[in-house]
Amino acid sequence: MTRITSVSLRRVLDSRGNPTVEADVLTESGGFGRAAAPSGASTGEYEAIELPPTEAIAAARRHAVPRLVDEVYAGNQREVDAALRGADGTENFSEIGANSAVAISMAAAKAGADVLGAPLYQHLGGAFRGENFPTPLGNVIGGGEHAKEATNIQEFLAAPVGAPSVSEAVFANAQVHARASEILDERGIPAAKGDEGAWAPAVSDEEAFEIMDEAVSDVEDDLGFEIRFGLDIAASEMFEDGVYHYGDETKTPDEQIDYVAEMVDEYDLVYVEDPLDENDYEGFAELTDRVGDRTLICGDDLFVTNVDRLSEGIDVGAANSILIKPNQIGTLSDAFDAVELASRNGMDAVISHRSGETEDTTIAHLAVATDAPFIKTGTVQGERTAKLNELIRIADDAA
Ligand SMILES: O=C(O)[C@@H](CO)OP(=O)(O)O
Ligand SMILES: [Mg+2]
C-alpha cells in the first residue's frame, strides 16, 4: 500500500529568498507527502553537503528516484533512507545533495503517515507519543551570521520552562519578543530583524543580556510561570587564529569558558548552544564539567547530527545535549539514530530549524515523536510560526 509510485522534485523559495529543494512522494494507494529542505547560514564544517538545488535535483532524479519508485515502501522509513544512502554512495551526500535527500526522506515519511491515516508524529514516534511536548526556544534577539551589525552572540532564546501547555509557551515567547521591542524603544535603540525574525539591534552582547533578562522577567511576572533564557553562541563563527572575536575584542579559549560559565550563573541560563569552536571537544568537556549540572550545553556545529561525532563527544563528556537538524545529516533515520544514541547516554536531544526555512512543519512532528525537551524554531515570522502553530495543533489532536 505504501509502495512509492512517484517522486517529484522542484525548486521553491526559502525564507531568505534562496531556492531550495521540495519533494512530493506518492504511493500506490494514493498516499501523498510533501517536504522541503531548510538551509543554514552558520553551517558546521562537518555537515552533509548541500548542493545548488538545480544540481541536487538533477542528481537525485538520476540516482535516487529510480531506486525508490516501485522499489521501496514509504511506510518503511529505514528502507527509504537506505535507498537514498545507496543512491548517493558517499558519507556526506555530496552526490545527490543532503537537500534532495532530506526533502525526499521527510516527504516519504509524510506519505507513509498519510496511507496509515496517522499523524506524522505518531507514525515516526509510535503509539505512545503525543503525551509530552517540547518547550519552544524562541529567538528574541540575535546577530552573528543571521544579521549584520548586531550582537556577536547569534541567538538569545526565551525558554518558557514553566508554561502549563505548549500553546501558552508559544504565546509567552511571542510576548517576550514584543516586550524586547518595547524595551529597545524605551532605550531609543532602533532594530531591524535578522533571518529568523529575532530583533537585530546594534547593541553589545552585554546590553542584549540586560534587555533579554528584563523582557523575560516582565513577561514571567505577567503570566505567572517560569520563563528563563538561553543562547546559541555559534562560537565557530567567531573563532579565528585561536581566539574568539567579539568585535575588536578577543577571548582565548580559557577566557571563553570562564565568560560562558559566568553568564550561566549571572543569568541562570537554561541552555547554551555551541559555546566553543566545533573542533574543541576538550573545551566543551571542561565547560560541561563546570556548569552541566545546571544548564544544557548543546552541540550543534560540534555534532552536526552525526553519530560518529556524537560518539567522540560522549567519550570525552563534551556536552549534555545535542541539536538535531535533519538536513545536517541527510535523512530522518540518521537523525533518529543520533537522538537514540544521545538518549542512551543520558543526553537531551533538541530539535531545530535552520535560519533558512520554508513552511514545512516536519520538525514539529519530529520533536513530539522523539520526546524532545526543547524545540528551537523561532518565535514569529511565517516560516517559524508554521512549526509553532503545528505544535499547537498536534497538542490539540493528541488531547
Ligand atoms: O545555528 C543554528 O542553530 C541555526 C538555527 O538557528 O542557524 P543556521 O541554520 O544558520 O545554522
Ligand atoms: Mg546553532
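Residues numbered from 1 in each chain as written. Chains lettered and ligands numbered in written order. Predicted model: local features only at pLDDT ≥ 70, side-chain atom pairs only at ≥ 80, totals over all residues. Heavy atoms only, no water.

Looking at an unreviewed UniProt entry, one finds the protein named Enolase and attributed to Haloferax larsenii. UniProt annotates the protein under Sequence similarities (unreviewed entry) with the comment "Belongs to the enolase family." What UniProt states about the protein under its Catalytic activity (unreviewed entry) heading is, verbatim, "(2R)-2-phosphoglycerate = phosphoenolpyruvate + H2O". (UniProt positions renumbered as here; feature names shortened; annotations may be inferred.)

**Notes on the UniProt feature "binding site: (2R)-2-phosphoglycerate" (unreviewed entry) in the protein**
According to UniProt, the "binding site: (2R)-2-phosphoglycerate" (unreviewed entry) feature falls on Q154, K325, R354, S355 and K376. As for the lining of the largest cavity, the annotated residues named previously contribute K325 and R354. Looking at the element boundaries, R354 is found in the loop between β15 (348-352) and α13 (362-369). In this structure R354 comes out as buried when scored by relative accessible area, which is 2%. Look past the residues within four positions of R354 in its chain and what remains in contact with it is P38, S39, G40, S42, T43, E47, E196, K325, N327, Q328 and R384. Within the structure, R354 has its side chain in polar contact with the side chain of E47 (distance 3.0 Å). Mapping K376 onto the fold places it in strand β16 (residues 374-376). Once you skip the residues sitting within four places of it in the chain, K376 turns out to touch L137, E155, L157, D232, E273, L323, V350, I351, S352 and H353. At 2.8 Å, the side chain of K376 forms a polar contact with the side chain of E155. (1 Å grid on protein atoms, 1.4 Å probe; cavity = no way out; pocket = protein on both sides within 12 Å on 5 of 7 lines; lining within 4 Å. Helix = DSSP H or I, 4+ residues; strand = E, 2+ residues; numbered from the N terminus. Buried < 20%, exposed > 50% of the residue type's maximum accessible area, 1.4 Å probe, protein only. Contact = heavy atoms within 4.5 Å. Polar contact = N/O pair within 3.5 Å; in protein donor to acceptor, adjacent residues only side chain to side chain.)

**Overview of the domain arrangement of the protein**
Each assigned domain of the protein is listed here: domain 1 (4-117) and domain 2 (135-398). Taking only C-alpha atoms into account, the centre of domain 1 sits 27 Å from that of domain 2. Between domain 1 and domain 2, the contact holds 33 residues from the first and 30 residues from the second. Taken together, both faces of the contact between domain 1 and domain 2 bury some 2,600 Å²; the carbon and sulfur share is 47%. Three residues stand out in domain 1 for area buried against domain 2, namely S42, Y46 and R78, and they jointly supply 23% of the buried area on that side. Our enumeration of links across domain 1 and domain 2 arrives at 5 salt bridges. Its salt-bridge partner being R354, residue E47 comes within 3.0 Å of it at the nearest N-O pair. Joining domain 1 to domain 2, the criterion identifies 23 residue pairs in polar contact (both at pLDDT 80 or more). The set of elements that each furnish at least two residues to the side of domain 1 that touches domain 2 consists of β3 (32-36), α3 (77-88) and α4 (98-116). Of all the elements, α4 adds the most residues to the side of domain 1 that touches domain 2, at 7 residues. (Domains from an automatic or database assignment. Buried area = accessible area lost by both parts, 1.4 Å probe. Salt bridge = Lys/Arg side-chain N within 4 Å of Asp/Glu carboxyl O.)

**Details of the site of ligand 1**
Lining the immediate environment of ligand 1, one finds 16 residues, of which A41, E155, E196, S355 and K376 sit closest. Interatomic distance of 3.0 Å between a side-chain N/O atom of Q154 and an oxygen atom of ligand 1. In this structure, an oxygen atom belonging to ligand 1 sits 2.8 Å away from a side-chain N or O atom of R354. Taking 310 Å² as the accessible area of ligand 1 by itself, protein coverage stands at 100%. A molecule is said to occupy a pocket when more than half its atoms come within 2 Å of that pocket's grid points, and by this definition ligand 1 occupies the second largest cavity. In terms of residue class, the shell around ligand 1 is built from 2 nonpolar, 6 polar and 8 charged. Counting contributing residues, the shell around ligand 1 receives three or more from each of domain 1 (4-117) and domain 2 (135-398). (Near = heavy atom within 4 Å. Areas by Shrake-Rupley, 256 points an atom, 1.4 Å probe, with all protein chains shown as cover. Sits in = over half its atoms within 2 Å of the grid points. Nonpolar A, V, L, I, M, F, W, Y, C, P; charged D, E, K, R; others polar.)

**A look at the coordination of the magnesium ion (ligand 2)**
Taken together, D232 (OD), E273 (OE) and D300 (OD) make up the protein donors of the magnesium ion (ligand 2), found 2.0 to 2.2 Å from the metal. Going along the chain, you hit the donors of the magnesium ion (ligand 2) in the pattern D-x40-E-x26-D. Of this pair, D232 sits in strand β8 (residues 228-232) while E273 sits in strand β12 (residues 271-273), placing them 41 residues apart in sequence. Relative accessible area serves as the criterion here: at 1%, D232 is assigned to the buried category. (Donors = N, O, S within 2.8 Å, 3.2 Å for Na, K, Ca; no water.)

**A short note on the pattern of salt bridges**
Opposite charge on two side chains permits pairing when their charged atoms draw close. Within this structure, the stated rule accounts for 30 salt bridges. In this structure, D218 engages R179 in a salt bridge whose closest nitrogen and oxygen atoms are separated by 2.7 Å. Here the residue D218 occupies a position in helix α7 (residues 205-223), and R179 occupies one in helix α6 (residues 166-186), the gap between them amounting to 39 residues. Among the residues examined, D218 registers a relative accessible area of 27% and is labelled partly exposed. Several salt bridges converge on common partners, so that one network encompasses R179, E182, E186, R187, E207, E210, E214 and D218.

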